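# Summary of structural features
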Amino acid sequence: MRAAADAALNGVSVPIRQAATTPEQLAGQIRDALAALADPARAVPMRAYMRDQFPFLGIQTPLRRAALRPLFKVDFDQNALLTAAALLYELPEREYRYAASDLLARHVGRLDMSAIASLLALAQRDSWWDTVDGLAGIVGDVVRAARRKDPDAQAAMDAALRHDCLWVRRIAMIHQLGWRLETDTERLFGYAETLAPESDFFIRKAIGWALRDYARWNPQTVRDFVAAMGGRLSPLSAREATRRIA
């Protein structure tokens, strides 16, 4: 177990009999590669960090990614990628879900807007910020690419903002992270205003996070928005939004 972990960290590929040609084969290879690196002692604090809600194999992120990098060199279309991700979500340990997000992120250019429903469905399975935020980045990349050809692509996020599941609403709020000056400010501020009355910590944090990210490129506009919102914006959201504004 430790030898396999050291090999992965040193850039030595996990032996592969043959490249996966089906989602089932790929999911099986990922399962076997991560199971070989399981560290029960490390799993204890990782599980505790997530409030003992989920089981873990005990594999740190750099080790997991190093071990799986060669397995991700597959020539899969969108359906096969989503199928492999869904199969990984069937496995109980959290690292398999992180692997699913890493796989999708690696091949995000092969995903289009028709994948959004499947991505949001994954986000609702045993949801917590760790898996949801990884999927949010993928959703954002897909929507951003689609918007360059279809100005109405973000309508999917308008619908997500009204979803019953708070984690889907969180994805809508943060899907523009990293968009810089491509950010649709009308949606950014409109989404923040719509979600502002919610009391959930993860929603309030998402509002502040999204605003703070845009403030890196347009601080005065964010400062003005927070001031205009006044008490309608929670102290947490306002504090997070302006934390890095001079």
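Below you will find a few notes about this structure.

## Re the overall build of the protein chain
Within the protein chain, the regular secondary structure consists of 14 helices and zero strands. What you see in the protein chain, going N to C, is helices and strands ordered as α-α-α-α-α-α-α-α-α-α-α-α-α-α. Against the 2.2 N^0.38 benchmark of 18 Å for 246 residues, the protein chain shows a C-alpha radius of gyration of 19 Å, consistent with a compact globule. Over its C-alpha atoms, taken along the principal directions, the protein chain stretches across nearly 60 × 40 × 35 Å. Buried residues in the protein chain amount to 50% of all 246 residues. Contacts in the protein chain between residues far apart in sequence, at least 24 positions, make up 72% of those at least 6 positions apart. With an accessible surface of roughly 12000 Å², the protein chain has 52% of that area assigned to carbon and sulfur atoms. Of note, the protein chain has its 33 positive side-chain charges centred 6 Å away from the centre of its 29 negative side-chain charges.

## A closer look at unusual backbone geometry
Residues other than glycine seldom take positive phi values, yet D52 does so here, at roughly 55°. One can find D52 in the loop between helix 3 (40–49) and helix 4 (61–68). The residue D126 is not glycine, and still its phi comes out positive at about 45°. Here D126 lies in the loop between helix 7 (116–123) and helix 8 (129–147). Looking at D126, the relative accessible area reads 46%, which means it is partly exposed.

## Section: helix 12 (residues 201–215)
Here helix 12 spans 21 Å end to end across 15 residues, near enough to the 21 Å set by a 1.5 Å rise per residue. If you check which residues of helix 12 are buried, you get F202, I203, A206, I207, G208, A210, L211, R212, D213, Y214 and A215. Packed against the buried residues of helix 12 are helix 8, helix 10 (166–174), helix 11 (185–195), helix 13 (219–229) and helix 14 (235–242). For helix 12, the N-terminal cap is D200; the gap from its side-chain oxygen to the backbone nitrogen of F202 is 2.8 Å.

## What about the nonpolar core?
Nonpolar side chains tend toward joint burial in soluble globular proteins. By size, the foremost hydrophobic cluster in this structure holds 83 residues, and its most contacted members are L26, I30, L104, M173, L211 and V222. Sort the elements by how many residues they give to this core and helix 12 lands first, with eight residues. The residues contacting I30, other than those within four sequence positions of it, are L68, L71, F72, L88, Y96 and A99.

## Side note on the packing of helix 2 (residues 23–35) against helix 6 (residues 94–106)
Between helix 2 and helix 6, the least distance of the axes is 11 Å, while the angle of their chain directions is 130°. One finds that helix 2 runs oblique with respect to helix 6. Between helix 2 and helix 6 lies a crossing whose hand is right-handed. Together, L26, I30, R31, L34 and A35 of helix 2 and E95, Y96, A99 and L103 of helix 6 make up the contact between the two elements. For the contact of helix 2 with helix 6, a count of residues per class yields seven nonpolar, no polar and two charged.

The rules behind these values
- Numbers given for residues are sequential positions, taken from 1 along each chain in its written order.
- For a predicted model such as this one, the threshold for reporting local features is a pLDDT of at least 70, and the threshold for listing and counting side-chain atom pairs is 80 or more; totals across whole chains, interfaces and linings nevertheless cover every residue.
- Calculation of side-chain values draws on the structure's entire complement of heavy atoms; hydrogens and water are dropped beforehand.
- Helix numbers and strand numbers start at the N terminus; a helix is a DSSP run of H or I with at least 4 residues, a strand a run of E with at least 2.
- Two things to know: the radius of gyration comes from C-alpha atoms, and the globule rule equals 2.2 Å times the number of residues to the power 0.38.
- Note on classification: 1.4 Å probe, protein chains only; a residue is buried when its accessible area is under 20% of the maximum for its type, exposed when over 50%, partly exposed between these limits.
- It only takes one pair of heavy atoms within 4.5 Å for two residues to be counted as in contact.
- Areas reported here follow the Shrake-Rupley algorithm with a probe of radius 1.4 Å; residue values treat only the protein chains shown as occluding.
- Only four residue types enter the tally: Lys and Arg on the positive side, Asp and Glu on the negative side; His and the chain ends are excluded.
- Charge positions are represented by NZ for Lys, CZ for Arg, CG for Asp and CD for Glu.
- Each residue after the first adds 1.5 Å to the expected span of a helix.
- Counted as a polar contact is a pair of N or O atoms within 3.5 Å, where, for protein atoms, one must be capable of donating a hydrogen and the other of accepting one, and residues adjacent in sequence contribute only when both atoms are in side chains.
- The definition of a nonpolar core used throughout is a set of buried Ala, Val, Leu, Ile, Met, Phe, Trp, Tyr and Cys residues joined through side-chain atoms within 4.5 Å.
- Axis definition: a line fitted to C-alpha atoms, over the contacting stretch in the case of helices. Angles run 0 to 180 degrees between N-to-C directions.
- Each angle is binned into one of four classes, with values under 35 degrees roughly parallel, values over 145 roughly antiparallel, values of 65 to 115 roughly perpendicular, and all other values oblique.
- In a left-handed crossing the near helix is turned counterclockwise from the far helix by less than a right angle, and in a right-handed crossing that turn is clockwise.
- Each residue gets one of three labels, nonpolar for Ala, Val, Leu, Ile, Met, Phe, Trp, Tyr, Cys and Pro, charged for Asp, Glu, Lys and Arg, and polar for the others, Gly among them.

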